[in-house]
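# Structural features, examined
For reference, the chains in residue letters:
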Amino acid sequence: MPDRAPQPVDRQLPTDEARDLFSLVRELVQREIAPSAAEEEDAGRFPRGTFSLLSESGLLGLPYDSDFGGGNQPYEVYLQVLEELAAARLTVGLGVSVHSLACHALANFGTKEQRAEHLPAMLGGGLLGAYCLSEPSSGSDAASLRSKAVREGDDWVITGTKAWITHGGVADFYTVLARTGGEGARGITAFLVPGDAEGLSAAAPEKKMGMKGSPTAQVHFDGVRVSDARRIGDEGQGFAIALSALDSGRLGIAACAIGVAQAALDEAVSYATGREQFGRPIADFQGLRFMLADMATQIEAGRALYLTAARLRDAGRPFSKQAAMAKLMCTDTAMKVTTDAVQVLGGYGYTADFPAERYMREAKVLQIVEGTNQIQRMVIARHLAGPETR
Ligand SMILES: Cc1cc2nc3c(=O)[nH]c(=O)nc-3n(C[C@H](O)[C@H](O)[C@H](O)COP(=O)(O)OP(=O)(O)OC[C@H]3O[C@@H](n4cnc5c(N)ncnc54)[C@H](O)[C@@H]3O)c2cc1C
């Protein structure tokens, strides 16, 4: 009994341009990313060349203004591209999402001069970005961060340690949140720091459960000097900028999660239609058929939710609540679907000979990054019931 080959996702794309873009993305994924993904992840190799290729192909600046080198694509298109990339290799899909997050501050809060000077290289000139909010002692409570930026004449001197930084040590630029004023959210300012700045160094990458090809490292700022021209937005506006970036970034994580879940479902269907027990394909057994049906339904629901949030964003309407809902639901779906995929493959699912176990390890991190799913519930509840009273 032959395995049933996965069908490409039937996507709703708004324009012919977006459809052409998808042909390019699928071709690139099949040629450059999918064939080596398992081996590269196993070896923990960071795919720098792939990011250069994505930049050359215009895929590192898709949702940004074409006047500054971006692709001018609506978020609903950009997110579906992320989904395709993440399905092939999460290190790449999430890497693009984090790069986009790192560009958000300058693209949306920078002056025209700053955007003209830096954005073209960031969006399509081969540079790769990192976003530095978390610290060893401030994760969910990000507004309590301690890294400091002190004004000295026309410069700022940044000192402190950032934790868990995706692309830490390999990024060409770092969007950094540092304290310039008193305690709390209002004392934080954003800066754009070049990767080769004196005093900037990265620790050895963390040894992670999954996404091993994506370096995650502490980044130390030891008296890093940047000019005031690299301050983004007003003094004290940094936390609002960081949260605005995260609203959009969370949608990227949601799309990546659906990509991983879709890849796991495809693997499960293909295996279940090929593997025989009791003289029949295991896909004949209702116990598994219903499991596959539930997995597919959860994926479609997740995709629909992130697209709803994206379309609100594209229409210039508030989307923060829906972004938190999409991040929560899509990443929980990825965890559930990938766990079920391992179950469908039985003992083989528990081995590295099949990608199901990799998808399961990758899904876990998506419930944690860019606000844990507990934090997403807090965000949603605040939209419903207002801020907590104490
Ligand atoms: C692979 C990876 C890549 C990352 N990349 C980046 C990056 O590029 N840039 C960056 O800035 N950060 C990055 N992070 C950091 C990530 O955003 C944080 O790990 C996350 O925000 C959680 O912070 P924490 O790990 O300090 O956990 P904590 O905040 O210590 O939370 C621990 C647990 O307590 C729960 N918790 C905390 N507060 C509450 C509350 N009020 N109510 C209920 N539960 C609560 C959390 O949900 C969690 O379960 C990355 C993390 C990982 C693992």
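Looking up the protein chain in an unreviewed UniProt entry gives the name Acyl-CoA dehydrogenase family protein, with the organism given as Streptomyces sp. NBC_00119. In its Cofactor (unreviewed entry) section, the UniProt record describing the protein chain reads: "FAD". Quoted verbatim from the Sequence similarities (unreviewed entry) heading of the UniProt record, the comment on the protein chain is "Belongs to the acyl-CoA dehydrogenase family."

Within the element layout of this structure, A34 appears in the loop between α1 (16-33) and α2 (37-43). C-alpha of A34 to C-alpha of I375: the two residues are 341 residues apart in sequence and 33 Å apart in space. Beyond its immediate stretch of four places on either side in the chain, A34 contacts V29 and A88.

As a structural note, the neighbourhood of the ligand is formed by 17 residues, with S134, S140, W164, T372 and Q374 the closest of them. The side chain of S140 places a nitrogen or oxygen atom 2.6 Å from an oxygen atom of the ligand. Within the side chain of T372, an N or O atom sits 2.6 Å from an oxygen atom of the ligand. Protein coverage of the free-state accessible area of the ligand, which is 980 Å², stands at 66%. Residue assignment for the shell around the ligand shows that the elements contributing at least two residues are β3 (155-166) and α11 (373-385). When the residues that make up the shell around the ligand are grouped by side-chain class, the tally is 8 nonpolar, 7 polar and 2 charged. Two domains each put at least three residues into the shell around the ligand: domain 2 (129-238) and domain 3 (240-385).

Right, let's talk about the side chain of T273 for a bit. Of note, T273 is situated in helix α7 (residues 238-274). Separated by 3.0 Å, the side chain of T273 and the backbone oxygen of S270 make a polar contact.

About the cut-offs
Residues numbered from 1 in each chain as written. Predicted model: local features only at pLDDT ≥ 70, side-chain atom pairs only at ≥ 80, totals over all residues. Heavy atoms only, no water. UniProt positions renumbered as here; feature names shortened; annotations may be inferred. Helix = DSSP H or I, 4+ residues; strand = E, 2+ residues; numbered from the N terminus. Contact = heavy atoms within 4.5 Å. Near = heavy atom within 4 Å. Polar contact = N/O pair within 3.5 Å; in protein donor to acceptor, adjacent residues only side chain to side chain. Areas by Shrake-Rupley, 256 points an atom, 1.4 Å probe, with all protein chains shown as cover. Nonpolar A, V, L, I, M, F, W, Y, C, P; charged D, E, K, R; others polar. Domains from an automatic or database assignment.

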